[in-house]
Structures are given as C-alpha cells and as structure tokens.
Amino acid sequence: MSSVAAKIQDVFNEPGCDKNKGKSEKERKKGCTKQLAPGAAAGGCAFDGAKIALQPITDVAHLVHGPIACEGNSWDNRGAKTSGSSLYRTGFTTDISETDVVFGGEKRLYKSIKEIIDKYNPPAVFVYQTCVPAMIGDDIDAVCKAASKKFDKPVIPINSPGFVGPKNLGNKLAGEAILDHVIGTEEPEYTTPYDINIIGEYNLAGELWQVKPLLDELGIRILSCISGDAKYKEVAYSHRAKASMMVCSKAMINVARKMEERYDIPFFEGSFYGIGDMSDSLREIARLLIERGAPEELKDRTEALIAREEARAWARIAPYKERLTGKKVLLITGGVKSWSVVAALQEAGMELVGTSVKKSTKEDKERIKELMGQDAHMIDDMTPREMFKMLRDAQADIMLSGGRSQFIALKAKMPWLDINQERHHAYAGYEGMVELVHEIDKALSNPVWEQVRRPPPWQEKTWEERANEAIAAEAAALAADPVKAEAARREKRVCKCHNVNVGQIEDAIRDSKPTSVDAIGEATHAGTGCGGCRDTLETMLEAANASGAVPASLAA
Amino acid sequence: MARVETTKKACAVNPLKMSQPIGGALAFMGVQGCMPLLHGSQGCTSFGLVLFVRHFKEAIPLQTTAMSEVATVLGGLENVEEAIVNIAKRAKPEVIGICSTGVTETKGDDVDGYIQLIRQRHPELDHMGIVYVSTPDFKDAFQDGWEKTVAKLIEAFVPKSEAAAPRAPQRVNVLPGCHLTPGDIDELRDIIEAFGLEPAFLPDLSGSLDGHLPEDFTPTTLGGTSRETMAAMGSAAWTIAVGEQMRLAATTLEQRAGVPFVLFDRLTGLAPNDELVAFLSRISGRPVPLKLKRQRGQLVDAMLDGHFHFGGKNVAVGAEPDLLYAIGSWLTEMGAHLQAAITTTQSPVLEKLEIEEVLIGDLEDLEMRAKGADLLMTHSHGRQASERLGVPLFRLGLPNFDRLGAGHELTVGYRGTRSLIFTVGNMFIAQAHEPDPDTWRRSDEDVHHFGGEAERELVQLTPMA
C-alpha cells in the first residue's frame, strides 16, 4: 500500500486545486487519514470515484478485483454513452471467495485477466483494486505487469481501494493511473493544429454529442476525451493534443496539470453547461489553439458560430417565456454544474429563490456555488415536512436537485427535475439549455400536480394544513421555552461532513480563541470536509470577534 | 431432478449475484423505525443505497460506519460506537441493524463484543435495539444475508417461551423470503385475513417500501414490523414461512417459542396455493371464502387460455434460488421448457427443478445458454444480453431499475399467478411471427429437385374477348 499512500500524498498536494491551496500544510497532510463521520456520511468511496472516471472508456475491459459487493451491486448503472464498443458496460469481477481471502487472490486475478483476453480480446484491461484484496496484500501492480508481459497487452492497475477516501480522491487516483500507464504510450496516425483533449467529461446521457457537432463545424478535432466515449488508443495518444479543456468539476485536475507539465499542453477550466459558459469555452479553445499555432482566422469563425448559436438558442427559449415568467426555481445541488444554468433560467423568465443573485457575474457565481454546495448536504436528511416548509418559505414552484432528494421532493408533491449524474436528459451546450427549459416547462405544466395535491373528499384536513400546524406548534413551543430554544439553536448542524453543530463551534471559539477558520477546523474538524460551511464559520468567527467576547446568551 | 454445478470460471462476467450485506440491510428495512447500518467503507453503503433507490424509487434509510484504511487496520470499535451514537442522536431509531462487510470481516472485527462494550458505555441507549448480523461479502449471496438477518431479528426480539405456553389461535406469523415484493406481501395478507386470521409479517416491506405517500418522514424506515409485533410472534398459533431460505428463521422461532411452522417453498402456481388455502381453512376452522374460490376459478381459466402460448416455449431464467424455483416450476407446469437456469448460491430446492443442470454462475453463463430461447427472465441487468440475443426480457427480481412498479410485481397467490400468466403469455404472443410465402419453403441445398422449373413454357395468352 505504500505506493498508494505516496500517490495520495501527491494528489493531496495538487497545486492546481484552489481548495487544496486554501488548506493549511497540516490539513493537507491529514488528507488521507481524515475520518468521515460514521453514521452520518453519504457518498461513494474512492473505488467508486475511480470507476466513474475511467469506465466511460468504451473498448476497455474494466475488471474489478474484489468481493461481489463492489461490482455486483453497482455494475452498468451509469449513463455514459458510446458510439462504438459497449464492452465497458460488461461487468467483470473476480468475485473473490473466502478461500481467496485466506490464500490470496492474485492467482484468480491473473486467470481472470487471461479469460477476459481469450474471450473478449480488448485493447486493454483495467484492473481496479478494492479494500479486501488491498488488506490481504494482493499486489495488483505485479499481477498486471506479469499479465501484460505474458499476453502482450496493456493491463493497467488502478490502485484506488474504497477505504482510502471519498469519491473525488478516487477520480484523481484514476487520473494518476492513466498518467503513469496509459497516456503517451501510443501515437496517433496524424495530428492537426486543431487537436484538443477534453478532460473530465464522461458523455453522460450523450452530452458530449451536443457539443461535438459545433467543434466539428469549426474543424476542431477531439483527439481524446478523457474519458467520455473514448477508445483506449485515444487516451494513449492524448499527449499529442495542442490544448486541453478541463471540464469544470475538479475531478481530473491532476491529469490536466500534469499533461501541461509533461507534454506542454496548456489547459483551461471550462464548462459546457449554460449558454454563456458554452460560448466562453469555445472561445477559450480557439484562443489556446491559436496560441499553439492554429491560424488566426479560427477566432472569427468561432465568434460567428457563437453568435449564430446563441441567437438560435435564445430564440428557441423565448416561446417558453410566456408560461415560465415569474415561476420560482429552487436550485439545490452539490455539483458545480447548476450555477451555470442560472442565466438560461433567468432568460426564460424564471426567478431563482434561495439566492439573491440577479445576473451572473463571476462573483455571484461563486456565491451561488457556495450556497448550493451547502444546501445539497442539508437536503439529504430533510423530512418531507421540513422540505415542505422550505419550499413554502421559498415559495418555489419547482426544485432542481440531485437524485438523492428526488423521492423526498416528490412525496412533498413538488415538481422536480434531475440535474445530477444519473439523469436521463442531456443538458450540455446550446442544445442542452433549450432541452433543460423544455423539461422544466414539461414538469411544471403537467396536470398531475393539481390532481395529486387535491385531498381525498373524506379528509377533513389536508396534509399541508397539518404540516403548517405542526410547524407553528413547534415554533410556539420554542418561543415559550428559551432554554429549549437555545438548545435547539446550538443543536443546528453547521458542518455536515463532520457533524459539528453551532454549540460545539461556539464553545471552541470561546475556549481556544481561534484566529482563523483553519484553526476552528483544527479544534472541531468543522470545515475540513467539503468546505461548504467555511463561509458560515468565517461569519461566526467575525461575529465573536466583533463583540469582543462571546455574547452572554451563547455562554450559557 | 437437476444437477447443481458451480461455474469453473475465475472471472465473473455480468454478475447475477449481489452481496450478502445488502440482502441483510433490506430485511432490516422491513422493520419499523429501523436504521440499517453497514459496517464497512462508505462505498459499500452507497452502492447498496443507489441500488435500492433505483429499484423501489423511494428514499432509502441506510448508513455506514465509514471505515477508513487506518480504522480498518486498527479495528472498528470507535467507528461502530460513533455511528451508533450519531444515528441515535440524529435519526432516533427504535432499532439499528448492523451488517458486516468484506473489509471488516477480513480484519475480523468482533462486533458482538463491540456492542457489549458500547452498551456498557451508553446506558442512555438501552431502549434502542441493536442487532448485528455477520454477512461477509466474499461468502454467500443476497438471499443468504436476508435469511440470516431475519433469524437474528427473531433471536433479538422474540422472547423465549415454552411450547405449551398459551397461544392466540387467530394469530399467524408470516416469514416471507426476499423474493417477495411489497405487493406480494399485501396479497398474502389479503388471503390470510380472508380467513379471519391476523398475520404478522417479518420483515414487512409492504409497510415500508410499497411506495405510499407518508404524512411525515422519519429518517429511518416508516412502516414495517414493529418491535411489539415481533415480541408477540412467540405466542402466535402458527408460522408460515415462504421460500426455503426462511427455514432458518422459522426453525429459530420454533425453538425459541415453540411456534410450529409450515414452509411453502413456493407460492406461484395452482397447487401450492391450493395447499396454502386448504391450510388456512384448516387452522382457522372456516370454509374457503367465496372470494378465493372465484380467484381460483379465474386462475384455472387463465391456465387454460394461456397454455396454448406457453406450451413448448423455451425460457432461460436467472434468479436467486427461491425465486428461480418458484418461477421455474411454474413455467414447467404451464408447459414451457426450462432452457437454462442460473442462480447465485446453494439451496436444496434447486435440484427439484425440471432441468438437467442448474448453474451457480453469472449472466454471461445465462446468455451463452439462452441462444434461441423464446424468453429471458432475470433482473434488469439482463437487458444487454436480451438485446444481443434478440430475446425479449421479462424483468424478474431485484434490481429492476429500468421499468416502473418493481415493488408491485406479483408472483404469489391465485391472483399473482394469474397476472403472471397474462404478462408472460402476452410477451410470447407479441413475438408470434406472421407467416409469409417463404415460411415453409426449404432452402435449395436441403431439397432434391425433380425438375419442373426448366421445362416450364411461357404461353402467350391472347386477351379474351
């Protein structure tokens, strides 16, 4: 495991990551040993993250070395689309048994690789390490090396067992694996001045294909997409691209940055979500290509295409305005994608609730990101009544969020639209935004809402009325009992990742007099997970400092 | 009489099997006010969670002890304790149901010992039930996890009593296997209540995962078997176990509290339901209600109408043992032929299937054996094989993530069997090929020609006046 430990340290020192740079030296070191809160955690493991990042490579056999849980419970459950081979959707696993746990699973792994090559003959086999074989000391690097030599075929070890950390760490470890073993190992037949890489795009619901026709039209070639709809060889020769676009999520920033370092491929961070973002991304691609020697005229062609596409998109969104104007959207997601759809929603006449943002300047976007990042966590443990209260207070007409809150939203009889990874609709590029507005319109104008909200004729009181009463009763009880109210206030969770509440943070501020948010983190772990609550911590710290001392009301 | 073989492959391709811990977790989801907790890394939970959310289309309560690499090596006492305390604080469950996973079993965490320690340290949690089941991922399958968990629930919540203790004659325990849907449980409840009996189901997914709109949510399960119901199971008159997998739980209950049990290894098809109905009539002392007599008549009629379409059809089935046995036997009884039978784990019912070999294997094995079949029956992951083979897929069992209504699919009772005949029969009918002039024409190589074509003369006809 020492090589994995070293990799993790390396990944945690990623200089390209803003969030990482914001951490103290000590915190960064702690990265790999950082504990998630038992009994209060949600989300995938590092193995999950590695698989998400690489499985979209379509012609590779993805072999999971572990017990049945890792592959059997999860295979073929993502929406990455292919234009060629569908081997990536085949579930391969060593399904290790008790005997393997006792005697080691390396032999079974080697034989599995052989069987796969004999039966399916893929251009490469990716072997994913999981917790159990990592514990018993199966050396997948050695097995892959031996198999690779014996079968004369790339057999790539992906060392990212689940227990080393969360999903996003797995994304990066997967990136390291292809940097070490795949990228730069093959050569393309030819290159052009218009060759780019797109890094961190998985072609979910076919979103890459909403963008590709525009790049085709400009004569820009996607030399390699890492990893959506990619073939193994495309990833292997991606080092010959002239420029890279790193798609917004920071999942594979290490790949983009190291390819810049090793192969002089400049990159920019961009997004295909939202009309403005899409245009900006096209401009950036053109700019970088011209910098790398493509003819200047690419710029004018790009601008012409952007003007044409933007005009067309706005014109297609316009007809929805009549029905959507004034509708209120509550946008909640942990992802960074949704903020870029804000402009499109506003253009269609909708209002965003839960944030005070009018038009998306860069600062505003940052703010929305923070706000939504926080709320996404919160919503996971909401009851429908709380959800109802939130929607009532926000007076929202529709909620856009990730899949996990879907059924809570629907049970609160609330129109809801999926904007997370498992969604079935493609929302990228200009096409995608029109599609999104269309989907919102479809959801809002569906006649079921009126029917499902109607109480049965024999029911004297509606669900909503009772919820309202319960909410009012709780508020009254707290108002009547200041001790209880104070306890409830102190109970409120601030850091969802580490389950730290207001009271604990206030106590820490009082007792250890921290001078920074990092120092609060040292004392309580608050703010050291996703970082979504760091703003709140800042505010709490400022408030405490401003008053000179902890207010008497909090000292109790 | 079938021979049961295990695949010789090193590599499972397109798994049919799912892991034990999530089978256990699903059983816990049929207990009221319960929070299932997997003792393992957070991925173990997240995969299970996504699987159940997509199958039931419901919010799913499932937590994790979030074992890191270091915690795994050092042992998970702290994580188990912290998880229990956190869950108790946030979700206020009546029961926490813990299943181990591959990681913590490889380390050899003594969770029973941990729980004793945690009990000592946290007397404030005395009111809360904590049940632990050992379910390593690298052994057995989903169905086994369910089976062990139900037995553990009985050990935890049914008090010991003498066989001679007074029993409530109208109360009947029902122990459904994991192959029964919430809809199946509702159906069984209907049948049993028709005799004036009071059934207590353990687990009861019909309360928790049937897709109802609750008035309010707790973060734990809502609905399901309550602790009071479980405590009273020891004084019921009878236990009805459905599926061979429930033998362990039924035996446990019999040994603890002396409740006699009857085990129905399947409730799909005419004969097993006749047995059930006759049994209920006997123990209740009531005649079979008109409603059930009519349902029986409708099933018999459906069998008559349906047999034309089932006769001689070749079906390839991949499912866990009890579901495979129920569906496989019923298909055979309808005149269809089992072309392939693939399952996930050992069970004594397998050899009773009308097929030469039952293979403990995967969906690649099923696909290879399903060439030329008329129908494929397995869970949603059979969709790729179905596409490649051009054989239609009936989605059977869990997970069913790409169709609506998985929780309400019926396979038990007269009505359940009847609807199964119609649904599957309609799939056969939909494939019927229209004949064309070449349907019965043999290819030239196969046929000895006697001439005729060459000597054909063209006769010019003059138009008739």
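Let us now look at the sheet that holds strand β12 (residues 416–418) of chain A. All names here are of chain A. Spatially, four strands are ordered β10-β9-β11-β12 in an open sheet, and the strand pairing comes out parallel. Single-partner strands in this sheet number two, and they are β10 (351–353) and β12. The average undirected angle you get between the axes of adjacent strands in this sheet is 30°. Two elements, strand β11 (residues 398–401) and β12, share three bridges in a ladder whose sense is parallel.

With that settled, the discussion passes to the nonpolar core. Membership of the largest hydrophobic core comes to 102 residues, with the highest contact counts inside it found for L26(B), F52(B), L175(B), I240(B), L280(B), L331(B) and M377(B). Among residues more than four places away in sequence, those in contact with L331(B) are F310(B), V315(B), V317(B), A336(B), L338(B) and M377(B). Counting 55 residues, the second largest nonpolar core, distinct from the first, contains I222(A), A243(A), I306(A) and I440(A).

Right, let's get into the state of the cysteines. Counted under the stated rule, the structure contains zero disulfides over all chains. As a non-bridged cysteine, C45(A) has C131(A) as the owner of its nearest cysteine sulfur, 6.3 Å distant.

With that out of the way, let us pick up the packing of helix α12 (residues 270–284) of chain B against helix α13 (residues 290–310) of chain B. All names here are of chain B. Where α12 contacts α13, the two axes come as close as 11 Å, and the packing angle between them is 170°. Taken together, α12 and α13 sit at an angle that is classed as roughly antiparallel. Between α12, through L270, D274 and V277, and α13, the contact on the second element is made entirely by L292, R296, L299, V300 and M303. For the contact of α12 with α13, the class distribution of residues is six nonpolar, no polar and two charged.

Residues and elements named next belong to chain A. Where helix α14 (residues 275–291) meets helix α21 (residues 429–445), the closest approach of the two axes is 9 Å, and the angle between their N-to-C directions is 175°. One way to sum up the angle between α14 and α21 is to call them roughly antiparallel. Where α14 abuts α21, its residues I275, M278, S279 and L282 lie against G429, Y430 and M433.

Once that is clear, we can look at helix α9 (residues 140–151) of chain A. All names here are of chain A. Here α9 contains 12 residues, and its C-alpha end-to-end distance of 16 Å stays within 8% of the 16 Å for a straight helix at 1.5 Å per residue. The set of residues buried in α9 consists of I140, V143, C144, A147 and F151. Buried residues in α9, looked at end-on, bunch into an arc of 95°, giving them a common side. Facing away from the buried side of α9 by more than 90 degrees, the exposed set consists of K145 and K149. Summarising the contacts, the buried residues of α9 are in contact with β1 (61–65), α7 (106–120), β3 (125–129) and β4 (155–158). Between the side-chain oxygen of the N-cap and the backbone nitrogen of D141 there are 3.2 Å, and the N-cap of α9 in question is D139. Downstream of α9 by a residue or two, D152 has a phi angle that is positive, lying close to 55°.

All names here are of chain A. Evaluation of the coordinates by the stated rule reveals 56 salt bridges over all chains. Between D216 and K212 there is a salt bridge, with its nearest N and O atoms 3.4 Å apart. Placement of the pair is D216 and K212 together in helix α11 (residues 208–217), with a separation of four residues, close to one helical turn. Looking at K212, the relative accessible area reads 33%, which means it is partly exposed.

Now for the packing of aromatic side chains. For the structure on display, the rule yields 11 aromatic pairs over all chains. Aromatic side chains F47(A) and Y128(A) sit 6.3 Å apart centroid to centroid with 80° between the ring planes, which places their arrangement in the edge-to-face category. Here Y128(A) lies in strand β3 and F47(A) lies in helix α4 (residues 46–54), a separation of 81 residues in the sequence. Assigned by exposure class, F47(A) and Y128(A) land together as buried. Centre to centre, the rings of F52(B) and F56(B) are 6.4 Å apart; their planes meet at 35°, and the pair counts as tilted. Here the residue F52(B) and the residue F56(B) both occupy positions in helix α2 (residues 42–56), the gap between them amounting to four residues, near one helical turn. The class for F52(B) is buried, based on a relative accessible area of 0%.

All names here are of chain B. Checked against the element boundaries, L299 lands in helix α13. According to the relative accessible area criterion, L299 is buried, its value standing at 0%. The sequence separation of L299 and Y414 amounts to 115 residues, and the corresponding C-alpha distance is 5.9 Å. Apart from residues lying up to four places away in sequence, L299 is in contact with G269, L270, Y414, T417, R418 and I421.

Size of an interface: often given as the accessible area lost when the parts come together. The interface is formed by 69 residues belonging to chain A together with 59 residues belonging to chain B. If you sort the residues of chain A by the area they bury against chain B, N73(A), W75(A) and K411(A) come out on top, with a joint share of 13%. Linking chain A to chain B there are four salt bridges. Among the salt bridges present, the one from K139(B) reaches E98(A), with a minimum N-O distance of 3.9 Å. Along the contact surface separating chain A from chain B lie 22 residue pairs in polar contact (both at pLDDT 80 or more). Of all the elements, α7(A) adds the most residues to the side of chain A that touches chain B, at seven residues. Partitioned by chemical class, the residues of the side of chain A that touches chain B number 31 nonpolar, 20 polar and 18 charged. Pairing of strand β2 (residues 92–93) of chain A with strand β2 (residues 12–13) of chain B involves two bridges; the strand directions are antiparallel.

Moving on to the pairing of strand β7 (residues 168–176) of chain B. Residues and elements named next belong to chain B. Both β7 and strand β9 (residues 236–242) contribute to a ladder of six bridges, which runs parallel. In the strand pairing of β9, L175 is matched with A241. Each parallel crossover has a hand, and for β7 linked through helix α8 (residues 182–193) to strand β8 (residues 198–201) it is right-handed.

Residue and element names in this part refer to chain A. This prediction gives chain A a mean pLDDT of 84; 82% of its residues lie at or above 70. In this model residues 355–361 is a low-confidence stretch, pLDDT under 50, and it forms 12 contacts with partners more than four residues away in sequence or in other chains. Taken as a whole, residues 550–556 scores under 50 in pLDDT and shows 10 contacts with residues more than four places along the chain or in a different chain.

We now examine the side chain of Q143(B). Residue and element names in this part refer to chain B. Inspection of the secondary structure puts Q143 in helix α7 (residues 142–157). There is a polar contact of 3.4 Å between the side chain of Q143 and the backbone nitrogen of D322. Setting aside its immediate chain neighbours within four residues, Q143 contacts C178, Q245, E320, P321 and D322.

A few words on the sheet that holds β9(B). All names here are of chain B. If you trace the four strands from one edge of the open sheet to the other, you get β8-β7-β9-β10, paired in parallel fashion. Taken across any chain shown, the strands that pair with only one partner, and hence form the sheet edges, are β8 and β10 (261–264). Ignoring strand direction, the axes of neighbouring strands in this sheet form an average angle of 25°. Note that β9 and β10 share four bridges and pair parallel. Within β10, the residue paired with I240 across the bridge is V262.

About the thresholds
- Residues numbered from 1 in each chain as written.
- Chains lettered and ligands numbered in written order.
- Predicted model: local features only at pLDDT ≥ 70, side-chain atom pairs only at ≥ 80, totals over all residues.
- Heavy atoms only, no water.
- Pairing = 2+ DSSP bridges.
- Helix = DSSP H or I, 4+ residues; strand = E, 2+ residues; numbered from the N terminus.
- Axes fitted to C-alpha atoms, helices over the stretch in contact; angles between N-to-C directions.
- Core = buried A, V, L, I, M, F, W, Y, C linked by side-chain atoms within 4.5 Å.
- Buried < 20%, exposed > 50% of the residue type's maximum accessible area, 1.4 Å probe, protein only.
- Contact = heavy atoms within 4.5 Å.
- Disulfide = S-S within 2.5 Å.
- Parallel < 35°, antiparallel > 145°, perpendicular 65-115°, else oblique.
- Nonpolar A, V, L, I, M, F, W, Y, C, P; charged D, E, K, R; others polar.
- Expected span 1.5 Å × (residues − 1).
- Arc of directions from axis to C-beta.
- Polar contact = N/O pair within 3.5 Å; in protein donor to acceptor, adjacent residues only side chain to side chain.
- Salt bridge = Lys/Arg side-chain N within 4 Å of Asp/Glu carboxyl O.
- Phe/Tyr/Trp six-rings, centres within 6.5 Å; stacked < 30°, edge-to-face > 60°.
- Buried area = accessible area lost by both parts, 1.4 Å probe.
- Right-handed = clockwise from strand over helix to strand, strands pointing away.
- pLDDT = per-residue confidence, 0-100.

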